[in-house]
Amino acid sequence: MTKPEPPESKGHRGVENAVMLGFFVVLVTAGIWLLGSMADIRKTQDCAAQGRRNCATIENPSHSR
């Protein structure tokens, strides 16, 4: 005969849920960042495929006085 499983403590379950939530947030954030990066690369490749020049994004630094 098998022994019955001991009931889980609510404190332990809360820690597991917090870890899973953190993992989910990191996974969604990485996915959003990856989609944004892929869109930028696609725009640059489309520009170059059309034979245009100066397709690279140039960031304008802010001037603070």
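The structure we're discussing is the one just above.
Below you will find a few notes about this structure. (Residues numbered from 1 in each chain as written. Predicted model: local features only at pLDDT ≥ 70, side-chain atom pairs only at ≥ 80, totals over all residues. Heavy atoms only, no water.)

## Concerning the state of the cysteines
In total, this model carries one disulfide according to the counting rule given. Two residues, C47 and C55, share a disulfide whose sulfurs are 2.0 Å apart. Here C47 and C55 share a disulfide; its torsion about the S-S bond, -75°, makes the bridge left-handed. Each member of the pair C47 and C55 is classed as buried. (Disulfide = S-S within 2.5 Å. Buried < 20%, exposed > 50% of the residue type's maximum accessible area, 1.4 Å probe, protein only.)

## Notes on the environment of I41
With respect to the helices and strands, the residue I41 is situated in helix α1 (residues 10–49). Sequence separation between I41 and A56 is 15 residues; the distance between their C-alpha atoms is 9.6 Å. (Helix = DSSP H or I, 4+ residues; strand = E, 2+ residues; numbered from the N terminus.)

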